[in-house]
Amino acid sequence: MAKIPHPVLTIGTFDGVHIGHQKIIKQLNEVAERIGGESVLFTFYPHPRMVLFPESHGLKLIQTQVEKLDKLERMGLKNIIVHPFTQEFSRLTAIEFVRDYLVNKLNIKTIVIGYDHQFGKNREGSIELLKELAPIYDFEVIEIGAKDIDEVNVSSTKIREALNQGDVALANTYLGEEFQINGIVGHGQKLGTKLGFPTANIETNNDVKLIPKNGVYATRVVREDDSEYFGLVSIGERPTVDDSGKITIEAYLIDFKDDLYGEQLQLKLLKRIRDEKKFDSLDELITEMKNDEERLRNWIVDYNW
């Protein structure tokens, strides 16, 4: 690890980088600036639960690693350290982690951490332990108290629950920005084009990314050139036209005619419009898709930018 001048550090998995995490990072940056140090965020990959419980973790991530790092970099951190989380690393005691990594390798001077944060083997590390070690290893502990953390009233678990219920609007409130799905446009069956609604078939190529509840969502779609379009994203099994049970993600960009094949798209989900439905005929499906587009256009008028 490269030497960092006067490191001011926080630790965590930061799944989702939600508004509670953002509050910690903001305080971290402020402390670093005030004392003339550099902010350092120490995080892990893969997620610890995936390593500790490889067969049973059942965990879906709010953000892919790329999405997480992108958001962290936008938050003005001077240094982001992503340490490989392995079985061997998981066996480090809290004292060993502080001594061997934070002190000997990083030479930390200040730790900014939540009052209830736990770390190390069996989650034995705590704010109390850090305060005991601080005078021994010559660093300062700045505690983010219960009032500052609990008043935000958000957690990665709450965000997952909201997304699993399809409530992306609530999840977005917790995240402080729109929930994203990123993927490459692949070749689908081109049925949407035949129906008058050409859709981009999104391939995420990531089996641990959390995908919200099946349904149709109002979405902002960002292309590789940063141009943006409103659109509809359908997540589900397409029961009217496909009985395979495979989950697909299809994006329809309104007022857009060009070819998107092979392009990386960023889907920013805004609002759930309706449940996934099975229609008795393609004509009924087309009628509902027209209604979806009309609802989207009407909603856009009042959308709060």
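The rules behind each value
Residues numbered from 1 in each chain as written. Predicted model: local features only at pLDDT ≥ 70, side-chain atom pairs only at ≥ 80, totals over all residues. Heavy atoms only, no water. UniProt positions renumbered as here; feature names shortened; annotations may be inferred. 1 Å grid on protein atoms, 1.4 Å probe; cavity = no way out; pocket = protein on both sides within 12 Å on 5 of 7 lines; lining within 4 Å. Points joined across faces, edges and corners; volume = space filled by probe spheres on them. Helix = DSSP H or I, 4+ residues; strand = E, 2+ residues; numbered from the N terminus. Nonpolar A, V, L, I, M, F, W, Y, C, P; charged D, E, K, R; others polar. Polar contact = N/O pair within 3.5 Å; in protein donor to acceptor, adjacent residues only side chain to side chain. Contact = heavy atoms within 4.5 Å. Phe/Tyr/Trp six-rings, centres within 6.5 Å; stacked < 30°, edge-to-face > 60°. Buried < 20%, exposed > 50% of the residue type's maximum accessible area, 1.4 Å probe, protein only. Lys NZ or Arg CZ within 6 Å of the ring centre and 35° of its normal.

Under an unreviewed UniProt entry, the name given to the chain is Riboflavin biosynthesis protein, and the source organism is Brumimicrobium glaciale. One UniProt comment on the chain, placed under Function (unreviewed entry), says "Catalyzes the phosphorylation of riboflavin to FMN followed by the adenylation of FMN to FAD."

Another aspect to go through is the layout of surface pockets. In this structure, the largest pocket spans a volume of roughly 1,300 Å³. Around the largest pocket, the lining comprises 44 residues; the ones closest to its centre are Gly-12, Thr-13, His-117, Gln-118 and Arg-123. For the lining of the largest pocket, the elements supplying multiple residues, two or more each, are β1 (7-11), α1 (19-35), α2 (48-52), α4 (87-90), β4 (110-114), α7 (146-150) and α8 (156-164). Sorting elements by how many residues they give to the lining of the largest pocket places α1 first, with four residues. Taken together, the residues that form the lining of the largest pocket break down as 17 nonpolar, 17 polar and 10 charged.

With that settled, consider unusual backbone geometry. Tyr-45 connects to Pro-46 through a cis peptide bond whose omega is 0°. Along the chain, the position of Pro-46 falls in the loop between β2 (38-45) and α2. Phi is positive for Val-17, which is not a glycine, with a value near 45°. Mapped onto the elements of the fold, Val-17 is located in the loop between β1 and α1. Its identity is not glycine, yet Asn-205 carries a phi of approximately 50°, on the positive side. Locating Asn-205 in the fold gives a position in the loop between β7 (200-203) and β8 (215-222).

For the rest of this paragraph, the subject is the side chain of Glu-293. Considering the arrangement of structural elements, one finds Glu-293 in helix α11 (residues 282-301). Among the polar contacts made by the side chain of Glu-293, one reaches the side chain of Arg-297 at a distance of 2.8 Å. In contact with Glu-293, other than residues within four places in its own chain, are Phe-197, Leu-232, Tyr-252 and Ile-254.

With that out of the way, let us pick up the packing of aromatic side chains. For any pair of aromatic rings, the description consists of the separation of the ring centres together with the inter-plane angle of the planes. Enumeration over the complete set of coordinates arrives at 10 aromatic pairs. Relative to Phe-97, the ring of Phe-42 lies with its centre 5.4 Å away and its plane at 75°, an arrangement referred to as edge-to-face. Here the residue Phe-42 occupies a position in strand β2, and Phe-97 occupies one in helix α5 (residues 94-103), the gap between them amounting to 55 residues. The exposure classification of Phe-42 matches that of Phe-97, with both residues buried. Aromatic pair Phe-85 and Phe-89: ring centres 5.7 Å apart, planes at 75°, arrangement edge-to-face. For the pair shown, Phe-85 and Phe-89 are each scored as buried. In textbook terms, an aromatic cluster arises when at least three aromatic residues are bridged by ring pairs, as seen for Phe-42, Phe-44, Phe-85, Phe-89, Phe-97, Tyr-101 and Phe-119. We note Lys-105 situated over the ring of Tyr-101; from NZ or CZ to the ring centre the distance is 4.4 Å.

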